[in-house]
Amino acid sequence: QVQLVESGGGLVQAGGSLRLSCAASGRTFSTYSMVWFRQAPGKEREFVAFIHWRGDATNYDDPVKGRFTISRDNAKNTVYLQMNSLKPEDTAVYYCAAKLYGLGSIRPRDYSYWGQGTQVTVSS
């Protein structure tokens with residue numbers, strides 16, 4: 001099993017940047033593919049970014065391509081989401097999730113392990 005704890009959210013003006021972190025417990029972090037989802041008020045949870053457990057493949061939802069970057073540091077058991085050029089529509093609670101040897105699903109129901117979420121608010 002793995003436990004996940006997100007941090008790094010906050011309030012930022014449009015055009016600004018934030019870096020989210022997701023720290024994982026356990027000794028097998030390197031075997032988990034990691035995903036960031038987000039959920040805005042009144043909306044369903046949606047896929048943001050994916051990084052393969054090997055770290056050699058990533059995938060992004062179209063609205064964040066070119067602005068967000070997902071990365072991982074297996075030595076620190078941490079996955080990051082660097083968010084640049086933030087827009088008000090990026091406002092949401094951001095969650096990290098993990099799947100053992102995950103292959104890249106963008107469906108929340110395919111992920112067993114979740115963090116508690118971190119709020120990102122982008123003001124216009």
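Predicted model, so just to flag it, every value in this text is computed and none were measured. (Residues numbered from 1 in each chain as written. Predicted model: local features only at pLDDT ≥ 70, side-chain atom pairs only at ≥ 80, totals over all residues. Heavy atoms only, no water.)

Undergrad: So what exactly am I meant to see when it comes to the overall build of the chain here?
TA: A count of helical and extended segments in the chain gives 0 helices and 11 strands. In the chain, the succession of helices and strands from N to C terminus is β-β-β-β-β-β-β-β-β-β-β. A principal-axis box enclosing the C-alpha atoms of the chain has dimensions of 40 × 25 × 25 Å. Relative to all contacts within the chain whose residues are 6 or more apart in sequence, the contacts with residues 24 or more apart total 59%. About 6500 Å² of surface is accessible on the chain, with carbon and sulfur atoms providing 47% of the total. One finds the centroid of the 14 positive side-chain charges in the chain at a distance of 5 Å from the centroid of its 10 negative side-chain charges. (Helix = DSSP H or I, 4+ residues; strand = E, 2+ residues; numbered from the N terminus. Contact = heavy atoms within 4.5 Å. Areas by Shrake-Rupley, 256 points an atom, 1.4 Å probe, with all protein chains shown as cover. Lys, Arg positive; Asp, Glu negative; His and termini not counted. Charge placed at Lys NZ, Arg CZ, Asp CG, Glu CD.)

Undergrad: Sorry if this is basic, but what is going on with the environment of Tyr111 here?
TA: By the element assignment, Tyr111 lies in the loop between strand S9 (92-100) and strand S10 (113-114). Once the C-alpha coordinates of Tyr111 and Ala97 are considered, the two residues, 14 residues apart in sequence, prove to be 6.2 Å apart. Setting aside its immediate chain neighbours within four residues, Tyr111 contacts Val35, Phe37, Phe50, Ala97, Ala98, Lys99, Gly104 and Ser105.

Undergrad: Can you walk me through the state of the cysteines in this structure?
TA: By definition, a disulfide links two cysteine residues through a covalent bond between their sulfur atoms. Evaluation of the coordinates by the stated rule reveals 1 disulfide. A disulfide bridge connects Cys22 with Cys96, and the sulfur atoms are separated by 2.0 Å. Sign of the S-S torsion, about 55° for the bond between Cys22 and Cys96, identifies this disulfide as right-handed. Here Cys22, found in strand S3 (residues 18-24), pairs with Cys96, found in strand S9; they are 74 residues apart in sequence, far enough to count as distant. (Disulfide = S-S within 2.5 Å.)

Undergrad: Please explain the environment of Ala97 as it appears in this structure.
TA: Within the secondary structure, Ala97 sits in strand S9. Judged by relative accessible area, which is 0%, Ala97 ranks as buried. C-alpha separation for the pair Ala97 and Ala24, spaced 73 residues apart in sequence, amounts to 9.9 Å. (Buried < 20%, exposed > 50% of the residue type's maximum accessible area, 1.4 Å probe, protein only.)

Undergrad: Just to check I follow, could you spell out the sheet that holds strand S7 (residues 68-73) for this structure?
TA: Each strand in a sheet pairs with another by means of backbone hydrogen bonds, the pair being arranged parallel or else antiparallel. Here 4 strands make up an open sheet; going across it, the order is S1-S3-S8-S7 and the pairing antiparallel. In the strand order of this sheet, the two ends are held by strand S1 (4-7) and S7, each with one partner. Neighbouring strand axes in the sheet, compared pairwise and without regard to direction, differ in orientation by 15° on average. Where S7 lies against strand S8 (residues 78-83), 6 bridges are found, and the strand directions are antiparallel. Considered in S8, the bridge of Ile70 is made with Leu81. (Pairing = 2+ DSSP bridges. Axes fitted to C-alpha atoms, helices over the stretch in contact; angles between N-to-C directions.)

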